[in-house]
Amino acid sequence: MTKMINFAFMAFVSGALALQAQNAPTTKTPEANADSLGFKNAKFSLSAWGGIGVGIVKSTHTREFESYGANAGIGQKATIGSPAFGATGWFGNGANAVGFEASYATLYKNISNTAGVNYKYSLAQIGLQLLYRYEIFDGLYAAAGAGIAIPVITAENTAYVQASVKAKVAPLFSARVGYDYPLTPQLVAGAYLQFSYAFISVDDKFTTTAQSYSAGPFMASPIVQLTYKF
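Quick caveat, the model's predicted, so the values are computed rather than measured.

## Concerning the nonpolar core
Phase 1 of the analysis: Residues Leu107, Leu123, Ala149, Ala170, Leu172, Ala198, Ile200, Val202, Ala215 and Met219 constitute the largest nonpolar core, which totals 10 residues.
Phase 2 of the analysis: Ala84, Ala105, Tyr192 and Ile223 belong to the second largest nonpolar core, which has six residues in total.

Here it is as structure tokens:
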């Protein structure tokens, strides 16, 4: 009888322990917690990217520049936008991240050859901005940024620009939507479409007096990107 009682007791204890283990809360791994807002388990990553920046609408400066050249009888070959490239450092997890980005893009370029003289004028910008990125669902994300645009002006033999052109550092804003695909645990390929605008103005003297013209076109930029996670 004693042996039967001991056996029954042991069976009861074993069953209780098994049931307790079955109903015990599951301990989440760090990987399971990574996809939460905030920066728990956040890591660093670095993205290098390149693409094409396309001006959607000509700026006031662009229109005035081309109008002055046309009135002066100078044939022009103008383009708005060109290859853009840069790098972005990120700190975050699978749900969200903050980043710092440095970029370079040509906003406008005009080349002509008149009476054997080559004319060249271009306006580019160096962009520095802070970004916030939010993953909508696995791989698909949206991001927004704000910072500064540093204008870079190149003018060669542009005699029809009557005074030296000047531009100041200007506010820069951007928004993007993109998709990332992991190639390996560390290497991620992706693509995104970015919209940006820099409030650049240029002081130029197309007439007898210098005037300030809006020179920052609204840009749409399809970009391909490669990211390395540390």
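What follows picks up the thread again.
## Quick notes on the sheet that holds strand E11 (residues 201–204)
Phase 1 of the analysis: The strand order across the open sheet formed by three strands is E8-E11-E12, and the pairing between neighbours is antiparallel. Every interior strand has two partners, whereas the edge strands, strand E8 (166–167) and strand E12 (211–214), have only one.
Phase 2 of the analysis: Across two bridges, E8 lies against E11 in antiparallel orientation. Counterpart to alanine 167 in the pairing with E11 is valine 202.
Phase 3 of the analysis: Running at roughly 115 degrees to E12, helix H3 (residues 60–71) makes contact with E11 and E12 of the sheet.

## Quick look at H3
Phase 1 of the analysis: For H3, spanning 12 residues, the distance from its first C-alpha to its last is 17 Å, which sits close to the expected 16 Å at 1.5 Å a residue.
Phase 2 of the analysis: Those residues of H3 that sit buried are His61, Thr62, Phe65, Glu66 and Gly69. The arc that holds every buried residue of H3, seen down its axis, measures 125 degrees, which confines them to one face.
Phase 3 of the analysis: Positive backbone phi, at 75 degrees, marks glycine 73, one or two positions downstream of H3.

## Observations concerning the pattern of salt bridges
Phase 1 of the analysis: If you walk through the whole model with that rule in mind, you get three salt bridges.
Phase 2 of the analysis: Between glutamate 66 and lysine 58 there is a salt bridge, with its nearest N and O atoms 2.8 Å apart.
Phase 3 of the analysis: One salt bridge in this structure joins glutamate 101 and arginine 176, with 3.1 Å as the shortest N-O distance. Linking glutamate 101 in strand E5 (residues 96–114) with arginine 176 in strand E9 (residues 170–182), this pair joins segments that are 75 residues apart in sequence.

## Examining the side chain of threonine 106
Phase 1 of the analysis: Residue position: threonine 106 is located in strand E5.
Phase 2 of the analysis: Within the local environment of threonine 106, its side chain forms a polar contact with the side chain of serine 82, the two groups lying 3.3 Å apart.
Phase 3 of the analysis: Leave out the neighbours within four places in its chain, and threonine 106 touches Gly81, Ser82, Pro83, Leu123, Ala124 and Met219.

## Here we look at the confidence of the model for the protein
Phase 1 of the analysis: On average, residues of the protein carry a pLDDT of 80, and 78% of them reach 70 or more.
Phase 2 of the analysis: Within the protein, helix H2 (residues 30–33) has the poorest average pLDDT of any element, 41, and E9 the best, 96.

## Here we look at a nonpolar patch on the surface
Phase 1 of the analysis: On the surface, Leu37, Phe39, Phe44, Leu46, Phe91, Val98, Tyr132, Tyr134, Ile136, Phe137, Tyr228 and Phe230 cluster together into a nonpolar patch covering about 1200 Å² of accessible area.
Phase 2 of the analysis: At the level of elements, strand E1 (43–52) and strand E6 (117–137) are the ones that each hand at least two residues to the nonpolar patch.
Phase 3 of the analysis: Element by element, the count of residues in the nonpolar patch is highest for E6, at four residues.
Phase 4 of the analysis: Assignment of secondary structure puts isoleucine 136 in strand E6.

## Quick notes on the side chain of glutamine 129
Phase 1 of the analysis: Of note, glutamine 129 is situated in strand E6.
Phase 2 of the analysis: Within the local environment of glutamine 129, its side chain forms a polar contact with the side chain of serine 174, the two groups lying 2.8 Å apart.
Phase 3 of the analysis: With sequence-adjacent residues up to four places away left out, glutamine 129 is seen in contact with Gly99, Phe100, Glu101, Gly145, Ala146, Gly147, Leu172, Ser174, Arg176 and Gln194.

## Here's the deal with the packing of aromatic side chains
Phase 1 of the analysis: For the structure shown, the criterion picks out nine aromatic pairs.
Phase 2 of the analysis: With 6.2 Å between their ring centres and 85 degrees between their planes, phenylalanine 173 and phenylalanine 199 make a pair best called edge-to-face. Of this pair, phenylalanine 173 sits in strand E9 while phenylalanine 199 sits in the loop between strand E10 (187–198) and E11, placing them 26 residues apart in sequence.
Phase 3 of the analysis: On the basis of relative accessibility, which here comes to 48%, the residue phenylalanine 199 falls in the partly exposed class.
Phase 4 of the analysis: Through a chain of ring-to-ring contacts, three or more aromatic side chains come together here, namely Phe65, Tyr108 and Tyr121.
Phase 5 of the analysis: Directly above the ring of tryptophan 90 sits arginine 133, whose terminal nitrogen or CZ lies 5.9 Å from the centroid.
Phase 6 of the analysis: The positively charged end of arginine 133 is found above the aromatic ring belonging to tyrosine 141, 3.7 Å away from the centroid.

## As for the pairing of E10
Phase 1 of the analysis: Residues Val188, Gly190, Tyr192, Gln194, Ser196 and Ala198 point to one face of E10 and are all buried, whereas Leu187, Ala189, Ala191, Leu193, Phe195 and Tyr197, pointing to the other face, are not buried.
Phase 2 of the analysis: Across 11 bridges, E9 lies against E10 in antiparallel orientation. Pairing of tyrosine 179 across the sheet is with alanine 191, part of E10.
Phase 3 of the analysis: Remark: four residues form the turn of the hairpin made by E9 and E10, two consecutive strands paired antiparallel.
Phase 4 of the analysis: When E10 meets strand E13 (residues 219–229), the two strands line up antiparallel, connected through 10 bridges. Opposite valine 188, over in E13, you have threonine 227 as the bridge partner.

Reading the values: the criteria
- Residues numbered from 1 in each chain as written.
- Predicted model: local features only at pLDDT ≥ 70, side-chain atom pairs only at ≥ 80, totals over all residues.
- Heavy atoms only, no water.
- Core = buried A, V, L, I, M, F, W, Y, C linked by side-chain atoms within 4.5 Å.
- Buried < 20%, exposed > 50% of the residue type's maximum accessible area, 1.4 Å probe, protein only.
- Pairing = 2+ DSSP bridges.
- Helix = DSSP H or I, 4+ residues; strand = E, 2+ residues; numbered from the N terminus.
- Contact = heavy atoms within 4.5 Å.
- Axes fitted to C-alpha atoms, helices over the stretch in contact; angles between N-to-C directions.
- Expected span 1.5 Å × (residues − 1).
- Arc of directions from axis to C-beta.
- Salt bridge = Lys/Arg side-chain N within 4 Å of Asp/Glu carboxyl O.
- Polar contact = N/O pair within 3.5 Å; in protein donor to acceptor, adjacent residues only side chain to side chain.
- pLDDT = per-residue confidence, 0-100.
- Patch = residues over 30% accessible without salt bridge, like charges linked within 9 Å, V, L, I, M, F, W, Y side chains within 5 Å.
- Areas by Shrake-Rupley, 256 points an atom, 1.4 Å probe, with all protein chains shown as cover.
- Phe/Tyr/Trp six-rings, centres within 6.5 Å; stacked < 30°, edge-to-face > 60°.
- Lys NZ or Arg CZ within 6 Å of the ring centre and 35° of its normal.

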